[in-house]
Amino acid sequence: PVPPGWPAVLAIGVALGAPSWVNPVLSGLAVWLTARVVRLVYPDARVAWWSAVLLALSPWFLFQGMNYMTHAVSLVAALAAAFCVGRTVRGGAAAWLLPAGLAIGMVGLIRPFEGLLVAVVLGLWTLFSGPRGPVTRIVRTTVLAAVTLAMTAVQFPHNRALTGHPLRFPIMDYTDRMYGPGSNALGFGPNRGLGWVGLDPLPGHGLPDVLINAYLNLFQLNIELLGWSVGSLLGLLALVGVGRWVKRDWAVFGAAAWVAGAHSFYWFAGGPDFGARYWYLMIVPLIVLTVRGILEVSTRWHPGRVAIATAILLVGTAALFTPWRAVDKYHHYREMRPDVRRLAEAAGFGEDALVLVRGQLDPDYQSAAYLNPVSETHL
């Protein structure tokens, strides 16, 4: 039921026999794109290169780059679009708007709601920035919107083939059938939600749910964004405390706030396992503001001490937090163990075996369910 963008990209990895490499490769590309995009926004090259370093070391970024979810490819497409728009805004050729619109449309083909968020941010950047006059900016924004819509329209035949209507998304059709009409839609009401009581504490979606989801996501951001023992949002708080914000900082902060605010209309926070994943598009803005905070503090206090403190935090993440997050955090999670896997290997069950499990859902059934084969012959 997911939109066609990510399956199309993943199919390239499948064709090459390396599907597990797709998101790691894309994440590496995201680091490079981050440096290029931030360099177009900030005249200080240190902001760009340190943003790339902090992003590459971010536990949140690393663990989104090792899974099969859609967030990594959506981030890459958004960064590619931002780079192309930035080239145009900084006086480059209008031809950059073509790949920019295609990249924004690609975000829409991967995660449609995020495509809308990216289109608004980059549309405003095109409309209100650049050396040209207002008429030229309006024309360029119109061109960007037209190319974006043309790329997004690729999804309409896909929708019609699966649901019978070009504007009916498969994921919405699926959730409406399985969990009730409007269960996965944006907005507020008692029918929102899929009944996941362990992840969605209150029925429906209202103001209390907005506050709870925001709290959960901020809590996870403060831990997983950088894995710092003093809090991952310390750099941003330092920038707030110093109080020396430039116009670019407000624009970057506005992009992050737009992502968080828009997702207030969605009923689910994203779950505990991969951080505030519905807010993933704000990872680069948050990293950039963290770097800005560190640099601003270093201009007011001893630069060497600030550099040493930052290095200690980064080494602590790489040596302590990330290994714990990768190896130990889910060891025997909810008492699930590898006993069934060992039994299957010892007894030679094979892919054609029928295995009956008697016991509790967690841990007995879940310890065995993930061993179901996913090869083509068993789909």
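Above this text you will find the structure in question.
Bear in mind that the values here come from a model prediction, so they are computed numbers and not experimental data. (Residues numbered from 1 in each chain as written. Predicted model: local features only at pLDDT ≥ 70, side-chain atom pairs only at ≥ 80, totals over all residues. Heavy atoms only, no water.)

Draft legend 1. Layout of the layout of surface pockets. In this model, the second largest pocket occupies a volume close to 1000 Å³. Broken down by secondary-structure element, the contributors of at least two residues to the lining of the second largest pocket are helix 2 (22-41), helix 5 (71-89), helix 7 (112-128), helix 13 (247-262) and helix 14 (283-300). A per-class count over the lining of the second largest pocket returns 27 nonpolar, two polar and three charged. (1 Å grid on protein atoms, 1.4 Å probe; cavity = no way out; pocket = protein on both sides within 12 Å on 5 of 7 lines; lining within 4 Å. Points joined across faces, edges and corners; volume = space filled by probe spheres on them. Helix = DSSP H or I, 4+ residues; strand = E, 2+ residues; numbered from the N terminus. Nonpolar A, V, L, I, M, F, W, Y, C, P; charged D, E, K, R; others polar.)

Draft legend 2. Spotlight on the packing of helix 2 against helix 5. Their axes nearest at 9 Å, the elements helix 2 and helix 5 cross at an angle of 25°. Classed by the angle they form, the pair helix 2 and helix 5 counts as roughly parallel. In the crossing of helix 2 with helix 5, the sense of the turn from one axis to the other is left-handed. Touching Asn23, Leu26, Ser27, Leu29, Ala30, Leu33, Thr34, Arg36, Val37 and Leu40 of helix 2 are Ala72, Val73, Leu75, Val76, Leu79, Ala80, Ala82, Phe83, Gly86 and Arg87, all from helix 5. Residues of the contact of helix 2 with helix 5, tallied by class, amount to 14 nonpolar, four polar and two charged. (Axes fitted to C-alpha atoms, helices over the stretch in contact; angles between N-to-C directions. Parallel < 35°, antiparallel > 145°, perpendicular 65-115°, else oblique. Left-handed = near helix turned anticlockwise from the far one by under 90°. Contact = heavy atoms within 4.5 Å.)

Draft legend 3. Looking closely at the nonpolar core. Counting 75 residues, the largest nonpolar core has Trp6, Phe61, Leu75, Leu122, Leu225, Met282 and Ile283 as the members making the most contacts within it. In terms of residue count, the dominant contributor to this core is helix 5 (12 residues). One finds Leu194, Tyr266, Phe268 and Tyr278 within the second-largest nonpolar core, a separate group that totals five residues. (Core = buried A, V, L, I, M, F, W, Y, C linked by side-chain atoms within 4.5 Å. Buried < 20%, exposed > 50% of the residue type's maximum accessible area, 1.4 Å probe, protein only.)

Draft legend 4. Looking closely at a nonpolar patch on the surface. Residues Leu343, Phe349, Val355, Val357, Leu361 and Tyr365 make up a contiguous nonpolar surface patch of roughly 530 Å² in combined accessible area. Secondary-structure assignment places Val355 in the loop between helix 16 (339-347) and helix 17 (361-369). (Patch = residues over 30% accessible without salt bridge, like charges linked within 9 Å, V, L, I, M, F, W, Y side chains within 5 Å. Areas by Shrake-Rupley, 256 points an atom, 1.4 Å probe, with all protein chains shown as cover. Salt bridge = Lys/Arg side-chain N within 4 Å of Asp/Glu carboxyl O.)

Draft legend 5. Quick peek at the side chain of Glu224. Within the secondary structure layout, Glu224 lies in helix 11 (residues 207-224). For Glu224, the side chain forms a polar contact with the side chain of Arg325, separated by 3.0 Å. Not counting chain neighbours up to four residues away, the residues in contact with Glu224 comprise Ser58, Pro59, Trp60, Ser232, Gly275, Arg325 and Lys329. (Polar contact = N/O pair within 3.5 Å; in protein donor to acceptor, adjacent residues only side chain to side chain.)

Draft legend 6. Representation of the pattern of salt bridges within the structure. Counted according to the given criterion, the structure contains 15 salt bridges. A salt bridge links Arg325 to Glu224; the nearest nitrogen and oxygen atoms lie 3.0 Å apart. Within this pair, whereas Arg325 is found in helix 15 (residues 303-328), its partner Glu224 is found in helix 11, the two being separated by 101 residues in sequence. Judged by relative accessible area, which is 4%, Arg325 ranks as buried. Arg244 serves as the salt-bridge partner of Glu296, at 3.8 Å between the closest nitrogen and oxygen. Pair noted here: Glu296 is in helix 14 and Arg244 is in the loop between helix 12 (234-242) and helix 13, with a separation of 52 residues, a long-range link. On the basis of relative accessibility, which here comes to 46%, the residue Arg244 falls in the partly exposed class. Ionic contacts of the salt-bridge type, sharing partners, join the residues Arg244, Asp249, Arg292, Glu296 and Arg300 into one network.

Draft legend 7. Molecular detail of empty space enclosed by the protein. In total, this model carries two cavities of 30 Å³ or more according to the counting rule given. Volume-wise, the largest cavity comes out at about 100 Å³. Around the largest cavity sit Val210, Asn213, Ala214, Asn217, Ala260, His263, Ser264, Tyr266, Phe268, Tyr278 and Trp279, which together line it. Approximately 50 Å³ is the volume attributed to the second largest cavity. Contributing to the lining of the second largest cavity are Thr88, Val89, Thr126, Ser129, Gly130, Pro131, Arg132, Thr136, Arg137 and Arg140. For the lining of the second largest cavity, the secondary-structure elements that each account for two or more residues are helix 5 and helix 8 (134-152).

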